[in-house]
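# Examining the three-dimensional arrangement
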Amino acid sequence: MDRSDTGFEDRLAALGPDLHETLGRVYGPDRAGEVTDRLVRIARAAHRDRPVELRDLDERRLREPDWFQRPSMLGYAAYADRFAGTLADVGERTAYLKELGVTYLHLMPLLTPRPAPNDGGYAVMDYRSVRPDLGTVDDLRELATTLRGEGVSLCLDLVLNHVAREHEWAVAARAGDPDKRAYFHVHPDREVPDAYEATLPEVFPDFAPGSFTWDDELDGWVWTTFNDYQWDVNWSNPAVLCDYADIILTLANVGVEVFRLDAIAFIWKRLGTMCQNEPEVHELTRALRTVVRIAAPAVLFKAEAIVGPAELPAYLGVGEHAGRVSDLAYHNGLMVQVWSMLASGEVGLATHALQQLPQPPSTTSWATYVRCHDDIGWAIADEDAWAVGIDPAAHRRFLSDWYSGAFPGSWARGLVFQHNEATGDRRISGSLASLAGLEAGDPGAVARILWAHAVVLGFGGLPLIWMGDELGLLNDAGWADDPAHAADNRWVHRPRMPWDAASHADPHGIGAGLRHLLDVRRELPHLHAATPTEVWDPRDPGVLLVVRRHPSGPLLAAFNATDRPAWVDADVLHWLGLHTDGLHDAISGTAPSLVEGAVPLEPYAVAWLHDRG
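Below you will find a few notes about this structure. (Residues numbered from 1 in each chain as written. Predicted model: local features only at pLDDT ≥ 70, side-chain atom pairs only at ≥ 80, totals over all residues. Heavy atoms only, no water.)

## Description of the sheet that holds strand β17 (residues 462-466)
Stated formally: Two strands pair under a simple rule: DSSP has to find at least two bridges between them. By the criteria applied, helices consist of DSSP H or I runs no shorter than four residues and strands consist of E runs no shorter than two, each listed in order from the N terminus. Inter-axis angles, ranging from 0 to 180 degrees, are taken between N-to-C directions of lines fitted to C-alpha atoms, where helices are fitted over the stretch in contact. Contacts are assigned to residue pairs with any non-hydrogen atoms lying within 4.5 Å of each other.
Strand order in this closed barrel of eight strands is β1-β2-β5-β11-β12-β13-β14-β17, and the pairing throughout is parallel. Neighbour to neighbour, the strand axes of the sheet diverge by 25° on average, direction disregarded. The sheet contact formed by strand β1 (residues 75-78) and strand β2 (residues 104-107) spans four bridges and is parallel. Looking across to β2, one finds that A77 is bridged to H106. Of the strands in this sheet, β5 (153-159), β11 (258-262) and β12 (300-303) are in contact with helix α11 (residues 238-254), which crosses β5 at around 160°.

Structure below.
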């Protein structure tokens, strides 16, 4: 038995009982042993086939388990074709990523989808192959190797809730295979679907109403949460869990280091509920993570859980699950509050909402971001809004009006996505720069762009940059020219990367400003993700106060969300134990000018204050 096999057996001995117990809670004690044995066989085979260099990576990551929590970490997300072309072309742009400071690259769906329409690649037809226009699995392996050699971890999407109608499981089900039919939720008539529909929200009410689709070949109603060509898989069938474990470990052996678990909130169905965030979701994720920890411990899970604030912490683990579910989870609430603060110039709602979230487990991290590939949904909890005297429905209407440019005086240039007439819900599409006012020519736009980035960089966690935001790319005026995209205006903020010289001239100073923030962040141990984040009640209603207490001393991050001068009061510094005679602003690199002991902030200014020591 070689050294690595010994490590596998040690991890199996340590984690195997937890896997068995977790599976017992999902499938019952009578089936837990059988499912555990099958998963262990899958893990053992995957570990046996794991390349030596990836086994070495496993050992390094086990020695340095906080590698992804460090303030030197920076994520970047892009569509491979829109960023560079093919996977080989992405590899040729590694120098650009390194110059920016990227250590984690998320390439949007690139496993083989069904032909268009395919929900931007999220209707996967084959998890074990790559889109032919991007390359091959060998190209993916080579790219992962190139990135790893430069200290960049590759993240890929793994769609857990559904597969394309053309996936081999669905093809077999339509051909009459009873085992594969059991991979899906199929009903002979509308009785059960109608019972579920009574409590199910519609994800795409404009072009995919309802959550069930009749299929003639299947001779039944199949569950389709998102689109009629995306069939929800049945996770109550343990064969589904086992197949996904095998898929994950196969891709991990290609070199994928992080899996973005797409649509994870939807995977368990329970009558009489919204069929989101059910307890089994976290149990199943924990089981998958345990299997991967045994076979390929360098791999991380990131939960794509765009859910309400109350449901979000469970995706990193609460109570008995703490630190045993996902390693990363999107801090969707922070993203929403960034845009809310910029539109309103008030930080009270953001402060209260962010204060309601418990600290994540110390071995995990939020993924913080200003924009992503998706639309912005105004996930503001009613109770948070009412607590600070705001009508939540009215505030959500205001934000939709503001960011679509309909509100008088708005500098934003976004598009309404999926207007739900029944609920009044209107989500927003648009690039960061266009939403922040750069397209409208507003003089405060650049400051707002850098302010928003400073918030997600100064909050702790693993910050992510959406492709082109570092250049201030505007909305793509030709987003609808491609017929495959014409019905989905989210493509307005998915432009192609302009690699001409002019695009890198940085006429607005956005790139230089962002790189400076990143340079400062790398040198601040306070921004390690394991350091707790405190959001303090504001003294100035337009200034967000974020405190991070580190053994080297506290850090106070102050963010002026307004177009007027503001202040960090002297009492805030005093209560935190910061001494005015040694006070240092990490962003400016100087001691701040004080007025009667208070720190002045220019419009949209940011200060990261600590004792020089």
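## Some words on the nonpolar core
Cut-off, in case you're wondering: Nonpolar cores were defined as sets of buried Ala, Val, Leu, Ile, Met, Phe, Trp, Tyr and Cys residues, with membership established by side-chain atoms within 4.5 Å. For the exposure calls, accessible area comes from a 1.4 Å probe over protein chains only, and a residue counts as buried if that area is under 20% of its type's maximum, exposed if over 50%, partly exposed in between.
Ranked by internal contacts, the top residues of the largest apolar core, which has 183 residues, are Y76, W235, Y244, Y403, W451 and W608. Of all the elements, α11 adds the most residues to this core, at 12 residues. Counting 18 residues, the second-largest nonpolar core is a separate cluster that includes W536, L556, A558 and A605.

## Considering the environment of D585
Rules: The term polar contact refers here to a pair of N or O atoms within 3.5 Å; inside protein, the definition further demands a hydrogen-donor-capable atom paired with an acceptor-capable atom, and it admits residues adjacent in sequence only when both atoms are side-chain atoms.
On the secondary structure map, D585 appears in strand β22 (residues 583-585). Classification of D585 by relative accessible area gives buried; the value is 8%. Considered as a pair, D585 and A607 are 22 residues apart in the sequence and their alpha carbons are 5.9 Å apart. Setting aside anything within four residues of it in sequence, one finds D585 in contact with T590, P592, V606, A607, W608 and L609. A polar contact of 3.0 Å, which involves the side chain of D585, links it to the backbone nitrogen of W608.

## Topic: the pattern of salt bridges
Pairing between side chains becomes possible if they bear opposite charge and their charged atoms approach one another. Put simply, the rule reads: Just to be clear on terms, a salt bridge is a Lys or Arg side-chain nitrogen sitting within 4 Å of an Asp or Glu carboxyl oxygen.
Per the stated rule, a full pass over the model turns up 43 salt bridges. A salt bridge links R50 to D58, with the nearest nitrogen and oxygen atoms 2.8 Å apart. By the burial criterion, R50 is buried, and D58 matches it. Among the salt bridges present, the one from E280 reaches R270, with a minimum N-O distance of 2.5 Å. With E280 in helix α12 (residues 279-295) and R270 in the loop between β11 and α12, the pair connects residues that are 10 residues apart, well separated along the chain.

## Some remarks on unusual backbone geometry
Omega for the peptide link from A116 to P117 comes to 0°, which places this bond in the cis form. Here P117 is to be found in the loop between β3 (111-113) and β4 (124-130). Unlike most non-glycine residues, E596 shows phi in positive territory, near 55°. Among the structural elements, E596 can be located in the loop between β22 and β23 (599-601).

## Structural notes on the sheet that holds strand β8 (residues 212-215)
Paired through backbone hydrogen bonds, the strands of a sheet run either parallel or antiparallel to each other. The strand order across the open sheet built from three strands is β7-β9-β8, with neighbouring strands paired in antiparallel fashion. The sheet is open, and its two borders are formed by β7 (186-187) and β8, each paired with just one other strand. Across two bridges, β7 lies against strand β9 (residues 220-223) in antiparallel orientation. Across the sheet, residue H187 finds its bridge partner in β9, namely W221.

## Some details on the side chain of R11
Basically, it comes down to this: Counted charges follow a simple rule, with Lys and Arg positive, Asp and Glu negative, and His plus the chain ends left uncounted.
One can find R11 in helix α1 (residues 3-27). In this structure R11 is buried but unpaired, with D58 as the nearest side chain of opposite charge at 5.2 Å. Polar side-chain contacts of R11 include one of 2.9 Å to the backbone oxygen of I294. For R11, the residues in contact, after removing those within four places along its chain, are G16, H47, L62, R293, I294, A295 and P297.

## A word on the packing of helix α2 (residues 29-49) against α11
When two helices pack together, you describe them by how their axes are tilted relative to each other and by the distance separating the axes. Selection criterion: The labels follow the angle: roughly parallel below 35 degrees, roughly antiparallel above 145, roughly perpendicular from 65 to 115, and oblique for the rest. For any pair of crossing helices, the crossing counts as left-handed if the nearer helix is rotated counterclockwise from the farther one by less than a right angle, and right-handed if it is rotated clockwise. Put simply, Ala, Val, Leu, Ile, Met, Phe, Trp, Tyr, Cys and Pro go in the nonpolar bin, Asp, Glu, Lys and Arg in the charged bin, and everything else, Gly too, in the polar bin.
At a closest axis distance of 10 Å, the pairing of α2 and α11 adopts a crossing angle of 15°. Relative to α11, the element α2 lies roughly parallel. Considering the relative orientation of α2 and α11, their crossing is right-handed. Along its contact with α2, which presents R31, V35, R38, L39, I42, A43, A46 and D49, the element α11 presents P238, A239, L241, C242, D243, A245, D246, L249 and N253. When the residues that make up the contact of α2 with α11 are grouped by side-chain class, the tally is 11 nonpolar, one polar and five charged.

## Quick notes on the pairing of β8
Pairing of β8 with β9 involves four bridges; the strand directions are antiparallel. Note on β9: the bridge partner recorded for T213 is V222.

## Regarding the environment of G405
Mapped onto the elements, G405 comes out in the loop between α16 (392-403) and β15 (415-417). By relative accessible area, G405 is classed as partly exposed at 31%. As for G405 and L415, which are separated by 10 residues in sequence, their C-alpha atoms are 8.3 Å apart. Each residue touching G405, except ones within four places of it in the same chain, is listed here: S410, A412 and R413.

## Focus: the packing of aromatic side chains
Threshold: Any two of the Phe, Tyr and Trp rings considered here, Trp counted by its six-membered ring, make a pair once their centres fall within 6.5 Å; the pair's planes then place it as stacked at under 30 degrees, edge-to-face at over 60, or tilted in between.
All told, the structure shown has 26 aromatic pairs when counted by the stated rule. Between W169 and Y244, the ring centres sit 5.6 Å apart and the planes meet at 80°, which makes this aromatic pair edge-to-face. Note that W169 is positioned in helix α8 (residues 168-174) and Y244 in helix α11, a separation of 75 residues in sequence. Since its relative accessible area comes to 4%, W169 is described here as buried. Under the relative-accessibility criterion, Y244 is labelled buried at 0%.

## Points about α12
Defined as follows: Helix span is expected to be 1.5 Å times the residue number reduced by one.
Over its 17 residues, α12 extends 25 Å from the first C-alpha to the last, a length consistent with the 24 Å expected when each residue adds 1.5 Å. Taking burial as the measure, the 17 residues of α12 include 16 buried ones, the bulk of the element.

## What to know about helix α19 (residues 510-522)
With 13 residues, α19 should cover 18 Å at 1.5 Å per step; its first-to-last C-alpha distance of 19 Å lies within 8% of that length. Burial in α19 covers these residues: I510, G511, G513, L514, L517, L518, V520 and R521. The secondary structure elements touched by the buried residues of α19 are α6 (94-100), α18 (445-458), β17 and β24 (606-611).

## Quick notes on the environment of A605
Relative to the helices and strands, A605 resides in the loop between β23 and β24. For A605, a relative accessible area of 19% gives the class buried. Sequence separation between A605 and T562 is 43 residues; the distance between their C-alpha atoms is 8.7 Å. In this structure, A605 is in contact with W451, A558, F559 and N560, ignoring residues within four places of it in sequence.

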